[in-house]
Amino acid sequence: MNRASAEASGSVSLVGAGPGDPGLITVAGRERLRRADVVVYDRLAHPALLAEAPAAAERIYVGKAPSEHAVAQDEIGRLLVDRARAGKRVVRLKGGDPFVFGRGGEEADDLVAAGVDFDVVPGITSAVAVPAYAGIPITHRDAASSFAVVTGHEAPGKPASRIDWAALATGVDTLVFLMGRRALAGIAARLIAEGRDPATPAAAIEWGATPRQRTVAAPLAELAAAAEAAALVPPAVIVVGQVAALRDRLRWYDGRPLFGKRVLVTRTRAQASTLSRALREAGAEPIEFPAIEIVPCDPAPAVAAAGRLSDGRYDWAVFTSANGVAAFRRALEAAGLDARAFGGVRLAAIGPATAEALDALGLRADVVPDRFVAEALADALEPRIAAGERVLLPRAAGSRDVLPSRLRAAGAEVEDLPVYESRRPAEPDPAVVARIEAGEIDIATFTASSTVRGCLDLLGGRAELLREVTIACIGPITARTATEAGLRVDVVAREHTIPGLMAALLEHAGRETDHDYAHASAHA
């Protein structure tokens, strides 16, 4: 098929999503997602990867769990062909690598038979990544120079098995079984029967490379009983070999300070990624629950203000959020202007995130207070603003009156310009609400008073759902709003930024760890 006709009829990319951690997607895989018209995905594809696709892209779930298939395999093949023939760019997003027990080869056969253009973007297979996240290298100079990856779906006692159990048991240093949790007892018994030492170190890793990861390590003969006692469930990766004994020395991921914590992120969907990424790096599971959405105000007043700015009508432009910077940038563009319109105008930013947003436009803030609240910004500006100077204040509609009131009291002429609104989303994500109701949230983060109010509105005012949850606020104003709403605030950032909030969470986690250690020592 020539390239022109293939593009006219659409195409399919078989993309490996990697295991668990969304950061393990390849650059090529992310690029395919960002251009997709259709994403056909499995149950192990991380929601953060689905968010990489355009908002208008069709998302189709075809997940499979043991003994439970959402869509039959032949139906998946037809689906890929039909969407491609409709001229769509289709991404078939598969956990791990599509050609490692992912049935990617079968789907590629379907596409070839139908004459559909396709490509393959390999992914990081769970056979390598999951043991690595558990601190188990599958090869090691002193312990293993060979490994094999084996399906765990094939019953060990099957008479016509394609697996050469005798060769595996004694001829390969490290054995990695995928999808083998339910067959674990039989796998261990067959390996031992074929000559593997029952004392061989082994491990079973549940939900590897995610904050839900749990690892059970035991000699091969005892691993199935240990996994049963720990109630380990699929998906699980099983590792058999001397390398499993290295886990205690090399474990790194499940020792992170927020490992396993389920953290509610209430920022807007567009802003959540920064905090979510920092939480993942600390080992937590971010659960995004946007409690506000940013809606532009009528642009006409801001466009008119942009024209006056260009004419030199203002002495100062004061920004209290990165959202305000973004909204006013759009007004400049609508007026046919750019950052040069700020020539001769002094700039103030409420904090480093707002200053960085200005810096991205090639502008440097003249004033950034030490504390990132309106009161501190007013303190910093009052000595610098002369009576009669004109101040442009592009910010959220309904913001507190502290800043314009104090600047006017100092003699400034302030134009308080609403450029966006913070609104509660129309509907909450029902899956997240269900997790909150089930008590599956450990920490809730709030980055503005509006996120507190929006979250509680989405929960129908049921503040009691967060009673046992650690409440973390970006600053004292947000904390006061949370307290007034009936929440117990446990963490308040000293620096009112996302890095400051993360620092406060890590400090709090350290105190909890120290307390738990002291409590355990006292009762030892």
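Model, not experiment: these values are computed from the prediction.

A. Representation of the side chain of Ser276. The topology assignment puts Ser276 in helix H11 (residues 272-281). A distance of 2.7 Å separates the side chain of Ser276 from the side chain of Glu288, its partner in a polar contact. Not counting chain neighbours up to four residues away, the residues in contact with Ser276 comprise Val265, Pro286 and Glu288.

B. Here's a closer look at the packing of aromatic side chains. Here the structure, examined in full by the defined rule, presents 9 aromatic pairs. With centroids separated by 6.3 Å and ring planes inclined at 55 degrees, the aromatic side chains of Phe319 and Phe342 adopt a geometry described as tilted. Of this pair, Phe319 sits in strand S16 (residues 316-319) while Phe342 sits in the loop between helix H13 (322-334) and strand S17 (346-349), and the two are 23 residues apart along the sequence. For the pair shown, Phe319 and Phe342 are each scored as buried. Clustering of aromatic rings is evident, with ring pairs tying together Tyr133, Trp252, Tyr253 and Phe259. Positioned above the aromatic ring of Trp207 is the side chain of Arg212, whose terminal nitrogen or guanidinium carbon lies 4.0 Å from the ring centre.

C. Local environment of the environment of Leu403. Secondary-structure assignment places Leu403 in helix H16 (residues 402-409). The buried category is assigned to Leu403, whose relative accessible area is 1%. Between the alpha carbons of Leu403 and Val414 there is a distance of 9.7 Å; along the sequence they are 11 residues apart. Discounting chain neighbours no more than four positions away, the residues touching Leu403 are Val318, Thr320, Ala374, Leu377, Ala378 and Leu393.

D. Spotlight on unusual backbone geometry. Following Pro234, the chain continues into Pro235 via a peptide bond in cis, with omega recorded as 0 degrees. The residue Phe101 is not glycine, and still its phi comes out positive at about 50 degrees. By secondary structure assignment, the location of Phe101 is in the loop between strand S6 (89-94) and helix H5 (104-114). Of note, Ala209 is a non-glycine position whose phi angle comes to about 65 degrees, a positive value. Assignment of secondary structure puts Ala209 in the loop between strand S10 (201-206) and strand S11 (214-219).

E. The arrangement of the pattern of salt bridges in detail. In the structure shown here, the tally under the stated rule is 35 salt bridges. A salt bridge links Arg190 to Glu194, with the shortest nitrogen-to-oxygen separation between them at 3.2 Å. A relative accessible area of 29% means that Glu194 is categorised as partly exposed. Between Glu285 and Arg435 there is a salt bridge, and its shortest N-O distance comes to 3.0 Å. With Glu285 in strand S14 (residues 285-288) and Arg435 in helix H17 (residues 430-437), the pair connects residues that are 150 residues apart, well separated along the chain. Assessed through its relative accessible area of 16%, Glu285 is described here as buried. Taking relative accessible area as the criterion, Arg435 reaches 23% and is therefore assigned partly exposed.

About the criteria used
Residues numbered from 1 in each chain as written. Predicted model: local features only at pLDDT ≥ 70, side-chain atom pairs only at ≥ 80, totals over all residues. Heavy atoms only, no water. Helix = DSSP H or I, 4+ residues; strand = E, 2+ residues; numbered from the N terminus. Polar contact = N/O pair within 3.5 Å; in protein donor to acceptor, adjacent residues only side chain to side chain. Contact = heavy atoms within 4.5 Å. Phe/Tyr/Trp six-rings, centres within 6.5 Å; stacked < 30°, edge-to-face > 60°. Buried < 20%, exposed > 50% of the residue type's maximum accessible area, 1.4 Å probe, protein only. Lys NZ or Arg CZ within 6 Å of the ring centre and 35° of its normal. Salt bridge = Lys/Arg side-chain N within 4 Å of Asp/Glu carboxyl O.

Shape descriptors only; they carry no functional weight alone.
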